[in-house]
Amino acid sequence: MSNSILSIENLQVNYGGIEAVKGISFSVPEGEIVTLIGANGAGKSSTLRTIAGLVKPKGGSITYMGEDITGKDPTTIVTKGITLVPEGRRIFPDLTVKENLKLGAYTRKDDLTDDINWVYDLFPRLKEREWQAGGTLSGGEQQMLAVGRALMSRPKIMMMDEPSLGLAPLVVRGIFDIIKEVNKQGVTVLLIEQNANMALKTAHKGYVLETGRITMSGTGAQLLADESVKAAYLGT
């Protein structure tokens, strides 16, 4: 597809003798929010970690802006414009909010002032806690910090691994509002999420992963309305 910023073809990922991802293909159109939904162990995190260069694929290809980036190292991937907000947030608890943000820009050598201010505009709470240690923040604030840190490298694609995990429902709604706002500002989003209802309401397009294979795809609205998706993932 000509408007795809990221294309995955026949991706296979193994951990030892276990096939985590069994030859999946999908594309991420530029400027959109795309979600992968599925149960634990479906291969969602393995897919993101492989795109991010943290895991080497057994087979298949990853093409980004027309370039084959399969198997490239994580620093190269970030430099090219792809960042990952990891599951569990993984902020640096002993560093301040501002220090965490600066670490998100470790591949850059230019002035960071405008980007830090942009993150603070998106997340006023972080501005208020600029000099607090990351570990003293609430779960929702730590997720804001993880997203802000990922934005500091000026990504074209932000990948998010379970951003709502362990957060209260009201905080979850706020996180999804932030995802939409980041997308509005020109960042393509690839999202994996166990809260299928919120993910599909937010995403332009979705894919269902089951035991390492894509079993369904469609717009977010199409998948929300599908009876088998409702039964398996929406609790209805």
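First, a word on scope: everything that follows refers to the structure included in this document. (Residues numbered from 1 in each chain as written. Predicted model: local features only at pLDDT ≥ 70, side-chain atom pairs only at ≥ 80, totals over all residues. Heavy atoms only, no water.)

This paragraph deals with the overall build of the protein chain. Along the backbone of the protein chain there are ten helices and ten strands. Scaling as 2.2 N^0.38, a compact globule of 236 residues should have a C-alpha radius of gyration of about 18 Å, and the protein chain matches this with 17 Å. Reported as C-alpha extents along the three principal axes, the dimensions of the protein chain are approximately 45 × 40 × 35 Å. Residues classed as buried in the protein chain amount to 50% of the 236 residues present. Here the analysis covers contacts within the protein chain between residues at least 6 apart in sequence; of these, 66% occur between residues at least 24 apart. Total accessible area on the protein chain stands at roughly 10,600 Å², and carbon and sulfur atoms take up 50% of it. A gap of 2 Å separates the mean positions of the 26 positive and 26 negative side-chain charges of the protein chain. (Helix = DSSP H or I, 4+ residues; strand = E, 2+ residues; numbered from the N terminus. Rg over C-alpha atoms; globule rule 2.2 N^0.38 Å. Buried < 20%, exposed > 50% of the residue type's maximum accessible area, 1.4 Å probe, protein only. Contact = heavy atoms within 4.5 Å. Areas by Shrake-Rupley, 256 points an atom, 1.4 Å probe, with all protein chains shown as cover. Lys, Arg positive; Asp, Glu negative; His and termini not counted. Charge placed at Lys NZ, Arg CZ, Asp CG, Glu CD.)

This next bit is on unusual backbone geometry. Look at N10: it is not a glycine, yet its phi comes out positive at around 50 degrees. Considering the arrangement of structural elements, one finds N10 in strand β1 (residues 4-15). Residue R154 is not a glycine yet carries a positive backbone phi of 55 degrees. On the secondary structure map, R154 appears in the loop between α6 (139-151) and β7 (157-161).

Turning to the nonpolar core, a few remarks are in order. Membership of the largest hydrophobic core comes to 43 residues, with the highest contact counts inside it found for F123, L126, V147, M158, M160 and I179. Of all hydrophobic cores here, the second largest spans 28 residues; its members include I24, A42, I192 and Y207. (Core = buried A, V, L, I, M, F, W, Y, C linked by side-chain atoms within 4.5 Å.)

Next up on the list: the sheet that holds strand β10 (residues 213-219). The strand order across the open sheet formed by six strands is β6-β7-β8-β3-β9-β10, and the pairing between neighbours is mixed. Of all strands in the sheet, those with a lone pairing partner are β6 (82-85) and β10, marking the two edges. Strand-to-strand twist in this sheet, taken as the mean axis angle between neighbours without regard to direction, amounts to 15 degrees. Bridge count for β7 against strand β8 (residues 188-192) is five bridges, and the pairing is parallel. Across the sheet, residue D161 finds its bridge partner in β8, namely I192. Across the sheet, α6 is in contact with β6 and β7; its angle to β6 comes to roughly 170 degrees. Its contacts with the sheet place helix α7 (residues 169-184) against β3 (33-37), β7 and β8, and it is angled at close to 150 degrees to β8. (Pairing = 2+ DSSP bridges. Axes fitted to C-alpha atoms, helices over the stretch in contact; angles between N-to-C directions.)

The next subject is the pairing of β10. Regular strands show a simple pattern: their side chains alternate between the two faces of the sheet. As judged from the six bridges shared by strand β9 (residues 205-210) and β10, these two strands associate in the antiparallel manner. By the bridge assignment for β10, L209 is matched with I214. Where β9 folds back on β10, the antiparallel hairpin that results is connected by two residues, among which T211 adopts a positive phi of roughly 40 degrees.

This part covers the sheet that holds strand β2 (residues 18-29). Overall, antiparallel pairing links the four strands, which are arranged β2-β1-β4-β5 in an open sheet. Of all strands in the sheet, those with a lone pairing partner are β2 and β5 (67-68), marking the two edges. Summarising the sheet, β1 and strand β4 (residues 59-64) pair through five bridges and their orientation is antiparallel. From the neighbouring strand, I8 faces β4, where its bridge partner is I62.

Before going further, it helps to spend a moment on the pattern of salt bridges. Counting across every chain of the model gives nine salt bridges. Here K127 makes a salt bridge to E130, at a shortest N to O gap of 3.7 Å. On the basis of relative accessibility, which here comes to 10%, the residue E130 falls in the buried class. Connected through salt bridges with shared partners, the residues R125, E128, R129 and E141 form a single ionic network. (Salt bridge = Lys/Arg side-chain N within 4 Å of Asp/Glu carboxyl O.)

As a further point, take helix α4 (residues 113-122). Three or more residues of α4 are buried, namely D115, I116, V119, Y120 and L122. End-on view of α4: buried residues confined to an arc of 160 degrees, all on one side of the axis. Opposite the buried face of α4, at more than 90 degrees from it, the exposed residues are D114 and D121. Looking at the buried side of α4, the elements it contacts are α3 (97-103), α5 (124-128), α6 and α7. (Arc of directions from axis to C-beta.)

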